[in-house]
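# Examining the three-dimensional arrangement
Here are the chains, one letter per residue:
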Amino acid sequence: NGGAAAPHVGLLPMPGTGHLIPFGELAKILVSRHGFSVTIITLAASASKAQDAVLSSLPPAIASLALPAVPLDDLPADAHLVTILAVAASRSAHFLRTELSRLQASSNLVAIVGDIFTTDAFAVARGLGVPPYLFFPSNLLCLSIFLHLPELDASVACEYRDLPEPLRLPGCVPVPGPELVEPIQDRSNEAYRWMLHHGRQYRDAEGIIVNTFEALEPDAAKVLRQNEPGRPPVYLVGPLTRTLPAVGEKDAECLRWLDRQPAGSVLFVSFGSAGTLSTAQMAELALGLEMSRERFLWVVRSPNDDGDVCEAYFTAQSKADPFRFLPAGFVERTSEVGMLVPSWAPQVAVLGHSATGGFLSHCGWNSTMESVMAGVAILAWPLFAEQRQNAVMLAEGARIALRPQAAEGGLVSREEVARVVKELMEGEEGKAARRRVLELQEAALRGLEDGGAAVQALDEVAGRWKPTN
Ligand code: UDP
């Protein structure tokens, strides 16, 4: 064991671009500011071009290794994404033990940092005498749900979607039952068991590091930053976002197109690395954008009609040419004001471009943090995971987002799309959201300055990991 060597940290992100990106940012700071060395250990299920691209864009001081594949073919065809991810993580635990022992033998391993569903690693870490930490790449509302889930499970008799009153957790915006994090919505589903299992294990961490900041969720921050017996200390280190576009993204054609648009005039439309719409919803969105007469830059993915709203989770790619699913004539009719990009756009660069004036977003947490860092107000279009409750928090708590009203059956009509797009880009509500997001942007930037709250919080964690002798 190399006692004099740089302290080494093992990071265990879940598969998914939205997990690898914030873990990569955390790794970069641990290396550059704290002089740690870092290994990112991924599950085999991470292997995809998009995810490899994230890992290979990291500086060479950050090593990565993939655990061997585990069989998942016994899972039912309709297994929930959470179940697939959690089972993959759980079955990888013995490979993890081998790799961590190896790391411990060859480096000065000081901490293991798990993700939302890789908390089975905590017991492995403890077995090796290494302290386990959780890096939670979402917000305090979502963390609160996980932490309170065991007691909710005991006290709530019905499905959460049938709760007569919005759920009020300490410091959090009240969330109506149907808007709560999606995998708890069917308590007979295996996915719910896994949520509960990991929520319980969060309390076994030595500390919980969260990718958010106080000004965004001030009341929840007050509650969670107080020490509470039986709950690990919570450190707010966000926003950790990519500041530069990835290699090759700088020259993207859509950025040149933005160069030719007036300042603040373009609505960026994107559903993260995985989100897909139904064919009917895609048509309403297209026709609504057209009706709004606003400029837009839309990252288009092929629709999915079997209810799978995160079909591209493992690939981030469209399965077919997505443009052919757009309404007839739409591309031609909007060619003066619209730019379409298949599957993937350099989002950080787009949001930071002066022509971008609004973001129609699925409210994934990285996208949200990136929007705040760019000072861009949001049109909330949640699809899966915790995105609905994020939308509630962003609209009613932080007040940086507008929400379209869905008709019965869940479809947002073209008229509603046009109305809310116009309101965001030119209306009073849009102006108010923009004022607020600029305030939050300033607060976020202050926290990231030397001596700022986010930097101090991560300094404190790193300090606990550094050997004292
Ligand atoms: N992203 C991107 N271009 C795209 C789609 C996504 O660069 O076309 C990035 C985005 O900037 C963010 C991440 O992928 O950093 C998506 O994470 P988020 O938490 O928003 O959503 P998820 O993909 O996990 O649903």
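Let us look at the structure shown here. These figures come from a predicted structure and were not determined experimentally. (Residues numbered from 1 in each chain as written. Predicted model: local features only at pLDDT ≥ 70, side-chain atom pairs only at ≥ 80, totals over all residues. Heavy atoms only, no water.)

### Points about the site of the ligand
Taken together, 18 residues sit near the ligand, with Ser273, Ala345, Asn366, Ser367 and Glu370 positioned nearest. A distance of 2.4 Å separates an oxygen atom of the ligand from a polar side-chain atom of Ser273. With respect to the ligand, the backbone of Ala345 contributes an N or O atom lying 2.6 Å from a nitrogen atom. Taken by itself the ligand offers 530 Å² of open surface, and the protein chains cover 96% of this. Element by element, the count of residues in the shell around the ligand is highest for helix α13 (residues 365-374), at 4 residues. (Near = heavy atom within 4 Å. Polar contact = N/O pair within 3.5 Å; in protein donor to acceptor, adjacent residues only side chain to side chain. Areas by Shrake-Rupley, 256 points an atom, 1.4 Å probe, with all protein chains shown as cover. Helix = DSSP H or I, 4+ residues; strand = E, 2+ residues; numbered from the N terminus.)

### Some thoughts on the pairing of strand β1 (residues 7-12)
Most of β1 is tucked away, with 6 of its 6 residues classed as buried. Residues Pro7, Val9 and Leu11 point to one face of β1 and His8, Gly10 and Leu12 to the other, with burial holding for every one of them. Taken together, the 6 bridges between β1 and strand β4 (residues 108-114) define a ladder with parallel strand orientation. Paired with Leu11 across the strands is Val113, a residue of β4. Note that β1 and strand β2 (residues 37-42) share 4 bridges and pair parallel. (Buried < 20%, exposed > 50% of the residue type's maximum accessible area, 1.4 Å probe, protein only. Pairing = 2+ DSSP bridges.)

### Quick look at the sheet that holds strand β11 (residues 356-361)
Two strands in a sheet stick together by hydrogen bonds in their backbones, pointing the same way (parallel) or opposite ways (antiparallel). Across the sheet, 6 strands lie side by side as β10-β9-β8-β11-β12-β13; this open sheet has parallel pairing. Because the sheet does not close on itself, it has two edges, and the strands there are β10 (338-342) and β13 (401-402). With 3 bridges connecting them, β11 and strand β12 (residues 378-380) associate as parallel partners. Opposite Ser361, over in β12, you have Ala380 as the bridge partner.

### Focus: the packing of helix α6 (residues 140-155) against helix α7 (residues 190-202)
Across the interface, α6 lies against α7 with an axial gap of 8 Å and an inter-helix angle of 105°. Our classification of the angle between α6 and α7 gives roughly perpendicular. Of the residues in α7, those touching α6 at Leu143, Phe146, Leu147, Leu149, Pro150 and Asp153 are Tyr192, Arg193, Met195, Leu196, Gly199, Arg200 and Tyr202. Class assignment for the residues of the contact of α6 with α7 results in 9 nonpolar, 1 polar and 3 charged. (Axes fitted to C-alpha atoms, helices over the stretch in contact; angles between N-to-C directions. Parallel < 35°, antiparallel > 145°, perpendicular 65-115°, else oblique. Contact = heavy atoms within 4.5 Å. Nonpolar A, V, L, I, M, F, W, Y, C, P; charged D, E, K, R; others polar.)

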